[in-house]
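Here is what each chain is made of, one letter per residue.
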Amino acid sequence: MEKKNVSGFSKLNKTDKIKWLAQNFLYSNPIDVVKDFAEYWHDNIEEQKIFDGFSENTISNFHMPFGVAPNFLIDGKDYAIPMVTEESSVVAAASNAAKFWYNKGGFKTTINNSVKIGQVHFTYPGSEEKLEEFFPELKSKLIEGVKAITANMEKRGGGILDIELLNFTDKEKDLFQLKCSFETVDSMGANFINSCLEAFGNILVDEIQLSTAFTLKEKNVKVIMCILSNLTPDCTVTASVSCSVKDLGTFQNGLMHAEEFAEKFTQAVRIAEVDPYRATTHNKGIMNGIDSVIIATGNDFRAVEACAHAYAAITGEYKSLTHAEVKDDIFTFSITIPLALGTVGGLTGLHPLAKKSMEIMGQPNAHQLMSIVACVGLAQNFGAVRALTTSGIQAGHMKMHLNNILSQFQATEQEIEKAVAYFNDKVISVSSVRAFVMGLRVV
Ligand code: MEV
């Protein structure tokens with residue numbers, strides 16, 4: 001078989017990278033393939049350089065829709081929220097839910113804490129007591145040894161909060177850990193934390209080598225790795241909405257009353273608290289909203305996703321991130337979620353549209369952004385569970401998806417207009433839309 005490995009690919013210019021792809025993987029005319037990819041290059045070379053700088057081996061830009069969900073009232077302040085997502089109905093559902101709650105007091109939020117975690121994993125082949133005894137002295141050396149790194153963060157109100165020594169020897173031979181907690185204020189803090197941790201790793205080895213308390217064997221400390229943890233259970237925000245049950249109004253053209261809705265809705269959320277299969281879909285719906293704001297602000301959606309799902313399983317059972325209840329005739333719906341976000345540094349300050357997103361939201365600080373993001377997650381979940389427990393999800397979802405199906409059949413503007421009117425009260429599926437469009441074309 002012909003080998004297709006390559007060296008020096010990263011050094012090729014964009015056009016040559018595409019030509020190589022065309023010859024080796026697309027088997028198409030390289031000139032046509034270059035044209036296909038170049039169509040999505042930024043007109044402005046300087047702007048394109050910014051995008052290329054975010055990654056490696058870039059050959060083009062991958063466009064995603066940038067939408068806005070208005071009518072969010074959060075802690076008494078109005079917001080229009082930028083959302084980047086490719087899934088139809090996400091932005092519409094968030095906007096509808098926001099509007100629903102706008103006249104009922106909107107969303108209320110509380111930042112519970114904002115601690116970030118980093119770990120130095122190391123092996124120490126010696127007496128545990130000796131290490132524990134040495135730890136207080138080591139801890140002050142660790143903190144002192146990274147002053148050059150922490151000085152600026154301390155000026156901004158952050159820094160190292162604590163360092164603990166954890167013993168994992170019952171799980172893995174000789175394994176210990178420095179579990180470090182940090183406050184990183186308005187930055188996500190990954191670079192700051194990892195720099196501190198790598199310095200801690202070196203100091204740890206040096207201090208044990210220098211100490212006379214340890215034997216030669218015990219001095220054989222090995223740092224396995226130093227890295228932040230994306231699990232931040234002490235960096236959480238709670239967002240909630242509430243109103244009297246009767247103020248929920250009626251649903252399904254008056255066919256479903258507020259009491260029935262509240263009962264069905266709270267039960268649907270409880271199902272996601274007892275069944276991980278439902279909880280996964282339920283939480284996925286929450287993340288539909290959360291990820292889209294995270295992406296719009298240039299934050300790390302993989303970190304947020306990993307943390308949210310780990311937190312959902314923190315009791316040992318994977319559960320819903322939201323909770324709903326009716327108490328004394330008051331319907332309350334809330335979410336508590338860890339969100340390690342940044343509003344300074346990283347992509348937020350570099351991506352031109354992430355900068356615009358921050359501007360649209362009035363330049364929130366990290367805590368404010370945590371609040372906004374949690375509210376979007378809650379709104380998204382409200383919209384999904386409301387649809388699921390009333391009309392069903394497909395009615396709204398397929399209505400939004402109609403445009404995608406129509407563009408699949410290269411529908412003209414006239415055909416789109418006719419299809420939208422026709423499918424207003426009909427079941428939408430790829431085959432029903434195809435039949436309708438083909439029908440129009442035959443006539
Ligand atoms: C689809 O992307 C999200 C939903 O499945 C969420 C849910 O079921 O709660 C609608």
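All residue numbers refer to position in the chain's written sequence, counted from 1. The predicted nature of this model means local features are confined to residues of pLDDT at least 70 and side-chain atom pairs, given and counted, to a pLDDT of 80 or more, with totals for whole chains, interfaces and linings taken over all residues. To get the side-chain values, all heavy atoms of the structure are used, and hydrogens and water are removed first.

1. Some thoughts on the site of the ligand
Here is step 1 of the chain: Every residue lining the ligand is accounted for by Glu87, Arg278, Thr281, His282, Lys284, Gly285, Asn288, Ala384, Leu388 and Ile393.
Here is step 2 of the chain: N or O atoms closer than or at 3.5 Å make up a polar contact, with two conditions inside protein: a donor-capable atom paired with an acceptor-capable one, and, for residues adjacent in sequence, both atoms drawn from side chains. Within the side chain of Arg278, a nitrogen or oxygen atom sits 2.7 Å from an oxygen atom of the ligand.
Here is step 3 of the chain: Between an oxygen atom of the ligand and a side-chain N or O atom of Lys284, the distance comes to 2.7 Å.
Here is step 4 of the chain: Protein contacts shield 83% of the accessible area of the ligand, which totals 300 Å² for the unbound molecule.
Here is step 5 of the chain: When residues of the shell around the ligand are assigned to their parent elements, the largest contribution, six residues, is made by helix H9 (residues 276-296).
Here is step 6 of the chain: Three residue categories are used. Nonpolar comprises Ala, Val, Leu, Ile, Met, Phe, Trp, Tyr, Cys and Pro, charged comprises Asp, Glu, Lys and Arg, and polar comprises the others, including Gly. A per-class count over the shell around the ligand returns three nonpolar, four polar and three charged. Near residues are defined by distance, with any heavy atom within 4 Å of the molecule or strand qualifying the residue. Here, Shrake-Rupley sampling with a 1.4 Å probe gives the accessible areas, and only protein chains in the shown set may cover a residue. The numbering of helices and of strands both runs from the N terminus, where a helix is a DSSP run of H or I of at least 4 residues and a strand a run of E of at least 2.

2. Details of the layout of surface pockets
Rolling a probe over the atoms, with the probe sized like a water molecule, indicates the empty space that remains.
Here is step 1 of the chain: Buried and open spaces are told apart on a 1 Å grid over the protein atoms alone, a cavity being a set of points where a 1.4 Å probe fits but cannot get out and a pocket being an open set with protein on both sides within 12 Å along at least five of seven lines. Residues with an atom within 4 Å of a point are the lining residues. Grid points are joined across faces, edges and corners, and a volume is the space filled by probe spheres set on the points. Computed from the structure, the largest pocket encloses a volume of approximately 1,400 Å³.
Here is step 2 of the chain: Every residue lining the largest pocket is counted, 46 residues in all, and those nearest its centre are Phe54, Ile295, Gly298, Leu347 and His351.
Here is step 3 of the chain: Breaking the lining of the largest pocket down by element, the ones donating at least two residues are helix H3 (45-53), helix H7 (190-210), H9, helix H10 (301-312) and helix H11 (352-360).
Here is step 4 of the chain: Each residue belonging to the lining of the largest pocket can be placed in one class, and the counts come to 25 nonpolar, 17 polar and four charged.
Here is step 5 of the chain: Estimated volume of the second largest pocket: approximately 1,000 Å³.

3. Overview of the sheet that holds strand E4 (residues 116-123)
Hydrogen bonding along the main chain pairs the strands of a sheet, whether they run parallel or antiparallel.
Here is step 1 of the chain: Read from one edge of the open sheet, four strands run E5-E6-E4-E7, paired in antiparallel fashion. In this open sheet, the two strands that pair with only one neighbour each are strand E5 (159-167) and strand E7 (222-229). In this sheet, adjacent strand axes meet at a mean angle of 15 degrees when their direction is disregarded.
Here is step 2 of the chain: Taken together, the eight bridges between E5 and strand E6 (residues 175-183) define a ladder with antiparallel strand orientation. Across the sheet, Leu165 pairs through a bridge with Leu178, a residue of E6.
Here is step 3 of the chain: Here, two residues are considered to be in contact whenever any of their heavy atoms come within 4.5 Å of each other. Each axis is a line fitted through C-alpha atoms, and for a helix only the stretch in contact is used; angles between axes span 0 to 180 degrees, taken between their N-to-C directions. Sheet contacts for helix H5 (residues 128-145): E4, E5 and E6; angle to E5, the most-contacted strand, approximately 165 degrees.
Here is step 4 of the chain: Across the sheet, H7 lies against E4, E5, E6 and E7, angled at about 160 degrees from E7, the strand it touches most. For two strands to pair, DSSP has to find at least two bridges joining them.

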